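Each chain, letter by letter, is given below.
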Amino acid sequence: MTKNTYFKSSFFMLVAASLLTSACQNNNPDNQDDANATASTTSEAQKPSTEPLVTNIYTADPSAHVFEGRIYIYPSHDVDAGIPEKDDGSHFDMRDYHVLSMDRVGGEVTDHGVALDIKDIPWAGRQLWAPDAAHKDGTYYLYFPVKDKQDVFRIGVATSKSPAGPFKPEAKPIEGSYSIDPTVFTDSDGASYMYFGGIWGGQLQRWSTGTYNANDTYPADDQPALMPKIVRMSDNMLQFAEPVRDVQILDENGKLLLAGDNDRRFFEAAWLHKYNGKYYFSYSTGDTHNIAYAIGDSPYGPFTYKGVILEPVLGWTNHHSIVEHDGQWYLFYHDSSLSGGKTHLRSVKVTELTHRPDGTIETINAYTEN
Ligand code: FUB
């Protein structure tokens, strides 16, 4: 696998410029410095179909849930730490989380302020990446990936009596956890499952033997791709209840997707939603920038690849969540339009998502031609 295009995708170069000038001039959340914008110029003109949910801060990786009848969004809080772009994602150097909420899509969005700060997580080193949240028996759980003091990504959990936080972190990471992008799905029988994993900067390729190896090891292109992980959560939602398993994503012939199948294989940003009794596992394909999905009959899978939910967005990463509210399904996602295309300064957005009568999902393009 080659990764020399990590932050230089052709799509990013194509779309960024049409937005760069006006966005950089008009918006500066968190007093970010616009000096290190990485977009190039192009004559291609595309306009975002939706606006950022908030513009006072940069936000990314939105995990949306309906709690107490209200939509709560748990995003990353992007900041410009002045770290140069690197393949390992060091410039995504986030330090806290804010929770957003709204009573309905289109309604006023509340930024509830800092819900968890990295300085309050005793074991954390750097880089608070994409979080998720869950609720059980009156307690809200915030799950988050952060590098420990040895620079190894682990997954932590923090609790609150309010969906808006503030959240109090546990003293240690979840035992047996690793890599990034945790998401927790609670099934109709009350069992909760964490899906996680992300390659390259997310370090999943360092765990192929089950223990951490600081050398990156990738399967050959004709071998099965690295697989995301699933594990059932303990009753108290603070630990893993069983050994971690692979999430199998199969092609139309029932074969595991291959590492060289960059358009379809898993990269990061797992999400699970249930629709008409089927389990939909969706994820980012990373260097091909799609949000793809696969359908299965069990939360454990296997899942069969079905298609693309969201085409590439402005900025390198693509990360989403899917939630139903008042009978309508929504896709929460992010792009870098507010920052004029900076890969690490993103904004969360929302648009409607449609399941067709046969259960497949209509593909969304988040831009309109000017
Ligand atoms: O926000 C940091 C990382 O970028 C996330 O963990 C990935 O999913 C990607 O969106």
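Not measured: the values here are computed from a predicted model.

Asker: Got a minute to help me understand the pairing of strand β17 (residues 278-284) in this structure?
Answerer: The two faces of a sheet get side chains in turn, since along a regular strand they alternate between them. Counting buried positions along β17 yields six of seven residues, so the element is predominantly enclosed. Note: strand β16 (residues 268-275) against β17, six bridges, orientation antiparallel. In the strand pairing of β17, Tyr275 is matched with Lys278. From the end of β16 to the start of β17, which pair antiparallel, there are two residues, and Asn276 there has a positive phi angle of about 50°. Relative to strand β18 (residues 291-296), β17 is paired through six bridges, and the arrangement is antiparallel. Opposite Phe281, over in β18, you have Ala294 as the bridge partner. Between β17 and β18, which pair antiparallel in sequence order, lie six residues; one of them, Gly286, sits at a positive phi of approximately 70°.

Asker: What should I look at first to understand the pattern of salt bridges in this one?
Answerer: Close approach of charged atoms lets side chains of opposite charge pair. A complete count under the given rule lists 16 salt bridges for this structure. Between Lys349 and Asp335 there is a salt bridge whose closest N-O contact spans 3.2 Å. Here Lys349, found in strand β22 (residues 347-352), pairs with Asp335, found in strand β21 (residues 328-335); they are 14 residues apart in sequence, far enough to count as distant.

Asker: Sorry if this is basic, but what is going on with empty space enclosed by the protein here?
Answerer: Counted according to the given criterion, the structure contains four cavities of 30 Å³ or more. Asp61, Trp129, Glu268, Thr317 and Arg346 are, among the 13 residues lining the largest cavity, the residues nearest its centre. Residue classes in the lining of the largest cavity are distributed as six nonpolar, three polar and four charged. As for the second largest cavity, its lining consists of Pro224, Ala225, Leu226, Met227, Pro228, Val247, Ile249, Leu256, Leu257, Arg265 and Phe266. Each residue belonging to the lining of the second largest cavity can be placed in one class, and the counts come to ten nonpolar, no polar and one charged.

Asker: It is not clear to me how the site of the ligand should be interpreted in this structure. Could you clarify?
Answerer: All residues adjacent to the ligand are Asp61, Ser76, Met94, Trp129, Ala130, Ile180, Asp181, Glu268, Thr317, His319, His334 and Arg346. The separation between an oxygen atom of the ligand and a polar side-chain atom of Asp181 is 2.6 Å. A distance of 2.7 Å separates an oxygen atom of the ligand from a polar side-chain atom of His319. The fraction of the free accessible surface of the ligand (280 Å²) that becomes covered by protein chains is 98%.

Asker: Any chance you could explain the environment of Asp120 here in plain terms?
Answerer: As for its placement among the helices and strands, Asp120 is situated in the loop between β5 (110-117) and β6 (124-126). For the pair Asp120 and Ala171, spaced 51 residues apart in sequence, the C-alpha separation works out to 9.6 Å.

Asker: Is there a simple way to think about the sheet that holds strand β15 (residues 249-250) in this case?
Answerer: Working definition: the strands of a sheet are paired by backbone hydrogen bonds and lie parallel or antiparallel to each other. Pairing within the open sheet is mixed, and its five strands lie in the order β15-β19-β18-β17-β16. The open sheet has two free edges, formed respectively by β15 and β16, since each of these has just one partner strand.

Asker: Looking at this structure, I do not really get the nonpolar core. What am I missing?
Answerer: Soluble globular proteins tend to pack their nonpolar side chains together in the buried interior. Within the largest apolar cluster, 42 residues are counted, with the highest numbers of intra-cluster contacts made by Tyr143, Ile174, Met194, Tyr195, Ile249, Phe281 and Tyr283. When residues of this core are assigned to their parent elements, the largest contribution, four residues, is made by strand β12 (residues 192-196). Residue contacts for Tyr143: discarding those within four places in its chain leaves Pro131, Asp132, Ala134, Gly156, Val157, Ile174, Pro182, Val184, Met194, Met233 and Met237.

Asker: How should I be thinking about unusual backbone geometry in this particular structure?
Answerer: For residues other than glycine, phi is negative in most cases, and the peptide bonds are mostly trans. Gly165 connects to Pro166 through a cis peptide bond whose omega is 5°. Take Pro166: it is sitting in the loop between β9 (153-160) and β10 (168-169). Of note, the bond from Gly301 into Pro302 is cis; its omega dihedral lies within 30 degrees of zero at 0°. Among the secondary structure elements, Pro302 is positioned in the loop between β18 and β19 (303-310). Even without being a glycine, Asp61 presents a positive backbone phi close to 55°. Even without being a glycine, Asp326 presents a positive backbone phi close to 50°. The exposure class of Asp326 is exposed, given its relative accessible area of 73%.

Asker: Sorry, what's going on with the environment of Arg356 here?
Answerer: On the secondary structure map, Arg356 appears in the loop between β22 and β23 (367-369). The residues contacting Arg356, other than those within four sequence positions of it, are Ile361, Glu362 and Thr363.

Asker: Could you clarify how one ought to interpret the layout of surface pockets in this entry?
Answerer: Approximately 440 Å³ is the volume found for the largest pocket. In terms of lining residues, the largest pocket is bounded by 21 residues, among which His65, Phe185, Thr186, Leu272 and Val323 are the most central. Put simply, the parts of the chain that give the lining of the largest pocket at least two residues each are β2 (58-67), β7 (132-136), β11 (183-186), β16 and β20 (321-325). Residues of the lining of the largest pocket, tallied by class, amount to twelve nonpolar, six polar and three charged.

Quick notes on the rules
Position numbers for residues start from 1 in each chain and track the written sequence from start to end. With the structure being a predicted model, the display of local features is reserved for residues of pLDDT at least 70 and the display and counting of side-chain atom pairs for 80 or more, all residues being used for whole-chain, interface and lining totals. Heavy atoms throughout the structure, all of them, feed into the side-chain values; hydrogens and water do not. Accessibility here uses a 1.4 Å probe with only protein chains present; expressed as a share of the type maximum, an area under 20% marks a residue as buried, one over 50% as exposed, and anything in between as partly exposed. A run of DSSP states H or I qualifies as a helix once it reaches four residues; a run of E qualifies as a strand once it reaches two. Both are numbered from the N-terminal end. Pairing between two strands is assigned when DSSP locates at least 2 bridges connecting them. Here a salt bridge means any side-chain nitrogen of Lys or Arg lying within 4 Å of a carboxyl oxygen belonging to Asp or Glu. Points on a 1 Å grid, built from protein atoms alone, make a cavity when a 1.4 Å probe fits but cannot get out and make a pocket when they are open with protein on both sides within 12 Å along at least 5 of 7 lines; residues with an atom within 4 Å of a point are the lining residues. Grid points are joined across faces, edges and corners, and a volume is the space filled by probe spheres set on the points. Under this grouping Gly is polar, as are all residues other than the nonpolar Ala, Val, Leu, Ile, Met, Phe, Trp, Tyr, Cys and Pro and the charged Asp, Glu, Lys and Arg. The near set for a molecule or strand comprises every residue that places at least one heavy atom within 4 Å of it. Throughout this description, a polar contact denotes any pair of N or O atoms lying within 3.5 Å of each other; where both atoms belong to protein, one of them has to be capable of donating a hydrogen while the other can accept it, and for residues adjacent in sequence the pair is counted only when both atoms sit in side chains. Values of accessible area rely on a 1.4 Å probe in the Shrake-Rupley scheme; residue burial ignores everything except the protein chains shown. Buried Ala, Val, Leu, Ile, Met, Phe, Trp, Tyr and Cys residues form a nonpolar core when they are joined through side-chain atoms within 4.5 Å. Two residues qualify as a contact provided that any one of their heavy atoms is within 4.5 Å of a heavy atom in the partner residue.

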